Amino acid sequence: DGVDDALYILLCCIRYLRHATSTRMKRRTMSADILNAQHNDDTFENIWQELKWRGLVHVSTDEEALEKALSSETVTFYTGYDPTAASLHLGHLVQLLVMRRLQLAGHNPIGLVGGFTGLIGDPRQTSERVLNSREVVAGWVDSLRSQIERFLSFEGENGARMVNNLDWGGQLSAIDFLRDVGKHFRVGTMVKKEIVAKRLNSEEGISYTEFSYQILQGLDYLELNRQYGCALQTGGSDQWGNLTSGTELIRKVEGKTVHAIGTPLITNSDGTKFGKSEGNAIWLNPQMCSPYAFYQFWLNTADADVVDRLKVFTFLTRAEIGEYEHKVETEAYKREAQKRLAYEVTALVHGVEATHQAIAASEALFGKGDFAALDESTLQAVMSELHSVELSSDQLDLITVLTELGFASSKAEARRILKEGGASVNGAKVQGEDAVITAEQLLHGKYAIVRRGKKNQGAITVV
């Protein structure tokens, strides 16, 4: 009846809340050891000097005043993350690490997830954003918040604080917005912002919705300044117009001077966009980019880029990075700097255990490890990068397997390969024309990695 249905729904809600709380606590516990091991480099005079050395300051408000404040005061600062996707990506990781470095220097971080601004999205370089539903944005807010929380400490005197700008923006009427906020912005100044000017000169132009985004971000800074005394905002340098809209709004409304830091947009030494892999963003969510693929991305860093990446994305000291720089110059073929970079960043984002699985998978692919030691998700990530086929349980003779994978053009060629011992299953050589993949050989009951010679590897899934 209706009462039973209501009780059932209530129980489901309680279970969901318990699960969500438990999951969040597990995430914080998983990251606690990594957070506790992080330290700024005490060989620098102050945090500003370290940020500069690491290449994390592209543009800022009054540099002298900002350095003085960061070295002599406790500054409350914030960084905003809009939920325009289900996950953060490597560009956001730069901001998360800037936040963590400032927190380690004793400053108070505020992580803002834009449940309000995310309903609009900041202007893109090329075209209007597709507006997502409120339900989708709300789900992405929760997802991004759980990711951000892993990179900050919520303990101690300068424990991090999380906020959602929907809490104040969602209560604002159109009249209040125009009278109390919009009045302080000049259209002439707004159209000079780089991204706005670029869009205005394009065929598509820019809508009033996206044109207004910089006002909304300015409002965020004003609200956080009023509530928490926030006096610094950090973000990417491509957001500089949005960052300074907040500093100007606070100056006009409150008569205060506050600061902003714009980090550089990181590019590869060959001019290509950093954080892309075959056209796809490198996401921080393991379901969108597996720890194995994430590890491989960093492992493939070019020699010309690896030292700069160590500076930006790891907590290695200036002396340690100097040692790796020397290794790149004298023993680049060993790729020790890339291996350390891949380990440090993958452990930071996905945890030590997932990183060890990614390393084990890499070694197994090169014949130096055991595929059977890989968990199923890591094995699936490896298989996604190999030619893969689905076979039934009566197609597991190696002659069929080799031909289905394309490693042999005919059954006769497959027989020859097997006779010569040129094939292996899960790293173990097989020989004989009658060789088959047994149930005991199947990994997790349904997978196998098959190699022909040294270069050809494929995967099968038994269906």
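You'll find the structure just up there.
1. Some points on the environment of P286
Structurally, the position occupied by P286 is in the loop between β8 (280-281) and α13 (291-299). Here the alpha-carbon distance between P286 and H350, two residues 64 residues apart in the chain, equals 7.5 Å. Other than its neighbours up to four places away in sequence, P286 contacts P291 and H350.

2. Regarding unusual backbone geometry
One non-glycine residue, R335, lies in positive phi territory at about 55°. Tracing the sequence through the fold places R335 in the loop between α15 (318-331) and α16 (336-350). A residue is classified by how much of its surface remains accessible, and R335, at 29% relative accessible area, is partly exposed. Its identity as a non-glycine residue notwithstanding, H444 has a phi of 55°, on the positive side. Along the polypeptide, H444 turns up in the loop between β11 (428-430) and β12 (447-452). With a relative accessible area of 42%, H444 lands in the partly exposed category.

3. Describing the pairing of strand β3 (residues 108-113)
Of all six residues in β3, five are buried; the element is thus mostly enclosed. Two strands pair when backbone bridges link them, and strand β2 (residues 76-81) and β3 are joined in this way by six bridges, in the parallel orientation. Residue pairing in the sheet places G80 in a bridge with L112 of β3. Each parallel crossover has a hand, and for β2 linked through helix α4 (residues 90-104) to β3 it is right-handed. In this region the chain leaves β3, passes through helix α5 (residues 134-149) and returns to the parallel neighbour strand β4 (residues 161-164); the handedness of that crossover is right-handed.

4. Considerations on the sheet that holds strand β6 (residues 259-263)
Note on sheets: strands pair through backbone hydrogen bonds, and any given pair is parallel or antiparallel. Read across the sheet, six strands follow the order β1-β6-β5-β2-β3-β4 without closing on themselves; strand pairing throughout is mixed. On the outer flanks of this sheet lie β1 (59-60) and β4, each paired with one strand and no other. Where β1 meets β6, two bridges bridge the pair, whose relative direction is antiparallel. Residue S60 lies in a different strand from β6, and its bridge partner there is I261.

5. Things to note about the pairing of β12
The element β12 is largely enclosed, with a buried count of five among its six residues. Where strand β10 (residues 423-425) and β12 come together, three bridges link them in antiparallel fashion. Bridging across to β12, S424 finds its partner in R451. Looking at chain direction, β12 and strand β13 (residues 456-462) are connected through six bridges and run antiparallel. Paired with R452 across the two strands is N456, which belongs to β13.

6. A look at the packing of α16 against helix α17 (residues 352-365)
With their axes 7 Å apart at the nearest point, α16 and α17 run at an angle of 135° to one another. With respect to α17, the axis of α16 lies oblique. Between α16 and α17 lies a crossing whose hand is right-handed. Only V352, A354, T355, H356 and I359 of α17 make contact with α16, whose side of the interface consists of Y343, T346, A347 and H350.

7. Quick word on the packing of aromatic side chains
Across all of its chains, the model carries eight aromatic pairs by this definition. Taken together, the aromatic side chains of F274, F294, F297, W298 and F313 make up a single cluster linked through ring pairs. The positively charged end of R101 is found above the aromatic ring belonging to F315, 4.5 Å away from the centroid. For the cation-ring pair, R318 lies above F44, with the distance from its terminal atom to the ring centre recorded as 3.8 Å.

8. Section: the environment of G80
Its location among the elements puts G80 in strand β2. Residue classification places G80 among the partly exposed residues on the basis of a relative accessible area of 36%. Taking the C-alpha atoms as reference, G80 lies 9.4 Å from V163; in sequence the two are 83 residues apart.

9. Digging into the pattern of salt bridges
Any two side chains of opposite charge can pair, so long as their charged atoms come close to each other. Counting across every chain of the model gives 13 salt bridges. Two residues, R226 and E254, come together in a salt bridge whose shortest N-O distance is 2.8 Å. On the criterion of sequence distance, the pair formed by R226 in helix α11 (residues 213-228) and E254 in helix α12 (residues 240-254) is long-range, its members being 28 residues apart. Residue E254 is classed as partly exposed on the basis of its relative accessible area, which comes to 30%.

Rules behind the numbers
- Residues numbered from 1 in each chain as written.
- Predicted model: local features only at pLDDT ≥ 70, side-chain atom pairs only at ≥ 80, totals over all residues.
- Heavy atoms only, no water.
- Helix = DSSP H or I, 4+ residues; strand = E, 2+ residues; numbered from the N terminus.
- Contact = heavy atoms within 4.5 Å.
- Buried < 20%, exposed > 50% of the residue type's maximum accessible area, 1.4 Å probe, protein only.
- Pairing = 2+ DSSP bridges.
- Right-handed = clockwise from strand over helix to strand, strands pointing away.
- Axes fitted to C-alpha atoms, helices over the stretch in contact; angles between N-to-C directions.
- Parallel < 35°, antiparallel > 145°, perpendicular 65-115°, else oblique.
- Left-handed = near helix turned anticlockwise from the far one by under 90°.
- Phe/Tyr/Trp six-rings, centres within 6.5 Å; stacked < 30°, edge-to-face > 60°.
- Lys NZ or Arg CZ within 6 Å of the ring centre and 35° of its normal.
- Salt bridge = Lys/Arg side-chain N within 4 Å of Asp/Glu carboxyl O.

That is the geometry; function is a separate question.
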